[in-house]
Structure formats: structure tokens, C-alpha cells
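# Understanding the architecture of this molecule
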Amino acid sequence: MSGPEPALALPPIRVAALALVRDRRVLMVTARGRDVHFMPGGKIDAGETAVEAVIREAHEEVSIALDPASVTPLFVVTTQAHGEPEGRQVEMQLFAATTPDAPLPSSEVDAVHWVTSADTHRCPPAGAETLHRLRELDLID
């Protein structure tokens, strides 16, 4: 007799996110109805590249226009997805970019925050890991 069937592994949630750094702080957002800080970004749509997704999401969430030439890959964070069943992973591709635009909350976002590594306690696992890595790269305090 064999044991119970193993649970089918859920595919990772593929996300593109922006690490907009100014004055040794990085931009994070509070989404509608949420009490944690997230990196601005979101799911990569079918047929969309990660760069296209981060440009789209930056516009949708914080009303900024990114020049595609300024978008450069930083690193990928893979960890437990916030608010998902145990074992569901998020695979977040982080991109650096520059823009003269001032980030503003959109209809999807309640507030924007400029944070440092001291704010990891306000973040879900992927955000906390991102702040840790940005600190290791000496981009934020």
C-alpha cells in the first residue's frame, strides 16, 4: 500500500518589481486593504517580458514613466509568496531604473514610502529579502 498522493506543487508566481533608489532609500508601496510594504510591481502577463511588466506596473502603481533604456536587472528573489498557501513561491525579478518623475499612489496603491533596511519588519518575505540584498549591495541604508 502506498501513502497519500503528494500535493501537486503550485507553479511559482512570476513577478517583475522596481527598485527605485533615491538618497539611499528605496520606494515601496502599501496596496489597497493591505498593511505591509511591497515593492512596486506585479505579475508578468502572458506574452510580456519582465522588463515590459515592470514598466507597465510602475506606471499603473506609482504613476511614473520608465525609459526602457534605464531598466537594468538587479537580482531575483524566490521565497514563500505572501498570503498564499505554504509552499507557493514567488519569483520576483528586481530591476533598477531611473526617472525624474515623482512617484504618486494610483488607484491600486494607498501610499508610497521611501524605506531603508530598518523597515524589513513591515515587509512580506520577498520585500524583506529585497531590502537585505539592496543593503548588501550598499544601495540603501
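For the structure itself, look to the data block above.
All of the points below concern the structure found in this document. For clarity, every value in this text was computed on a predicted model and none was experimentally measured.

Here the focus is the pairing of strand β3 (residues 25–31). Two faces belong to every sheet, and in a regular strand the side chains alternate between them. By the criterion of burial, β3 is predominantly enclosed, with five of the seven residues buried. With two bridges joining them, strand β2 (residues 21–22) and β3 adopt antiparallel strand pairing. From the neighbouring strand, R22 faces β3, where its bridge partner is R25. Hairpin connection, β2 to β3: the antiparallel pair is bridged by two residues, and D23 has positive phi, about 50 degrees. Here six bridges tie β3 to strand β8 (residues 109–115), and the two strands are oriented antiparallel to one another.

Okay, the environment of M92 next. Here M92 shows up in strand β7 (residues 89–96). Residues in contact with M92, not counting those within four places in the same chain, are V15, A17, M39, F75, V76, V77, A126 and T130.

Attention now goes to the pattern of salt bridges. Scanning the model with the defined rule gives 10 salt bridges in all. Taking the shortest distance from any N to any O, the salt bridge between R56 and E60 comes out at 3.3 Å. Of this pair, R56 and E60 both sit in helix α1 (residues 50–62), four residues apart, which is roughly one turn of that helix. By relative accessible area, R56 is classed as partly exposed at 22%. E60 gets classed as partly exposed once you look at its relative accessible area, which sits at 30%. A salt bridge links E84 to R88, with the nearest nitrogen and oxygen atoms 3.7 Å apart. Look at the salt bridges and you will find they share partners, linking D45, E48, R56, E57 and E60 into a network.

Rules behind the numbers
Residues numbered from 1 in each chain as written. Predicted model: local features only at pLDDT ≥ 70, side-chain atom pairs only at ≥ 80, totals over all residues. Heavy atoms only, no water. Buried < 20%, exposed > 50% of the residue type's maximum accessible area, 1.4 Å probe, protein only. Helix = DSSP H or I, 4+ residues; strand = E, 2+ residues; numbered from the N terminus. Pairing = 2+ DSSP bridges. Contact = heavy atoms within 4.5 Å. Salt bridge = Lys/Arg side-chain N within 4 Å of Asp/Glu carboxyl O.

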